[in-house]
Amino acid sequence: MKNLILVTSPPACGKTFVSKAIARNIKPMVYLDKDTLIVLSKQIFKVANQEYNRSSDFFEKNIRDYEYYAILDIAYEALEYADNVLINAPFTREIRDPEYIKNLRAKLKEKDANLVIVWVDTSPEVCHQRMVERNSSRDTWKLQNWDKYIAGCNFNKPEGIGDILVFHNNSMEEFNQSIKDMQQKFSKY
């Protein structure tokens, strides 16, 4: 059986660090990162003469969902050639929408694939510190408007969508234990 693995959480919870560790430790794996599409998104902002702001109404209306459509289409294609495909992306709304997850599972079933959801559990305080440390332009608005931004984030594990693997990532101790747990759990898939 094939697996589409979604590694998800709010921004700066360590999805990329966790995703790359999972991909290194669970072989073979096709690794996809939605952030790779940011270069295209930046060009859309530029061509539309819009300020680069991934929290703006312009982004929400014209870019956000299309990034998800694109990364999923790439993953579906990869599943034609590989048994394990991992997507590193927030899926912040989608992961809390039981109908969306049900439809995703149905589409994957057509490809003889399971959906495996990995939730990266990290505190808002740790996320804030990581955002400051990574010093990325995609976080500028978030950091400048932290209270407003964080009020719109949900750090609770999604409910009502089936099994979710939780990867605890507030410290290296938690990370090391979680990677061991993931290796054991993935050996069952």
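The present account deals with the structure reproduced in this document. Keep in mind it's a predicted model, so treat the numbers as computed, not measured. (Residues numbered from 1 in each chain as written. Predicted model: local features only at pLDDT ≥ 70, side-chain atom pairs only at ≥ 80, totals over all residues. Heavy atoms only, no water.)

1. What to know about unusual backbone geometry
Here the amide bond leading from Lys 27 into Pro 28 is cis, since omega sits at -10°, within 30 degrees of zero. Mapped onto the fold, Pro 28 is located in the loop between helix 1 (15-25) and strand 2 (30-33). The phi torsion at Phe 91 lies on the positive side, around 45°, for a residue other than glycine. Mapping Phe 91 onto the fold places it in the loop between strand 3 (84-88) and helix 5 (98-110). On the basis of relative accessible area, Phe 91 is assigned to the buried category, the value being 1%. Phi is positive for Asn 135, which is not a glycine, with a value near 50°. (Helix = DSSP H or I, 4+ residues; strand = E, 2+ residues; numbered from the N terminus. Buried < 20%, exposed > 50% of the residue type's maximum accessible area, 1.4 Å probe, protein only.)

2. Quick look at the sheet that holds strand 1 (residues 2-8)
Ordered in space as 2-3-1-4-5, the five strands form an open sheet in which the pairing is parallel. This sheet does not close on itself; its edge strands, each paired only once, are strand 2 and strand 5 (165-168). Sheet twist, expressed as the average angle between the axes of neighbouring strands with direction ignored, equals 20°. Pairing of strand 1 with strand 4 (residues 113-121), which is carried by seven bridges, proceeds in the parallel orientation. The residue bridging Leu 4 from the neighbouring strand is Leu 115, located in strand 4. Along the sheet, helix 5 contacts strand 1 and strand 4; its crossing angle with strand 4, the most-contacted strand, is approximately 140°. Contacting strand 1, strand 4 and strand 5, helix 9 (residues 172-186) runs over the sheet at an angle of about 155° to strand 5. (Pairing = 2+ DSSP bridges. Axes fitted to C-alpha atoms, helices over the stretch in contact; angles between N-to-C directions. Contact = heavy atoms within 4.5 Å.)

3. Quick look at the nonpolar core
Counting 27 residues, the largest nonpolar core has Ile 5, Val 7, Ile 22, Val 118, Phe 167 and Phe 186 as the members making the most contacts within it. Mapped onto this core, the elements with two or more residues apiece are strand 1, helix 1, strand 4, helix 6 (124-134), helix 8 (146-151), strand 5 and helix 9. In this structure, Leu 72, Ala 75, Ile 101 and Ala 113 belong to the second largest nonpolar core, which totals 26 residues. (Core = buried A, V, L, I, M, F, W, Y, C linked by side-chain atoms within 4.5 Å.)

4. Re the side chain of Ser 41
Positionally, Ser 41 belongs in helix 2 (residues 38-47). If sequence neighbours within four positions are ignored, Ser 41 has contacts with Arg 54, Ile 63 and Glu 67.

5. Focus: helix 4 (residues 64-79)
Spanning 16 residues, helix 4 covers 23 Å between terminal C-alpha atoms, matching the ideal 22 Å at 1.5 Å per step. Listed as buried for helix 4 are Arg 64, Glu 67, Tyr 68, Ile 71, Leu 72, Ala 75, Tyr 76, Ala 78 and Leu 79. Looking straight down helix 4, one finds its buried side chains confined to an arc of 165°; they lie on one side. Facing away from the buried side of helix 4 by over 90 degrees, the exposed positions are Tyr 66 and Glu 77. (Expected span 1.5 Å × (residues − 1). Arc of directions from axis to C-beta.)

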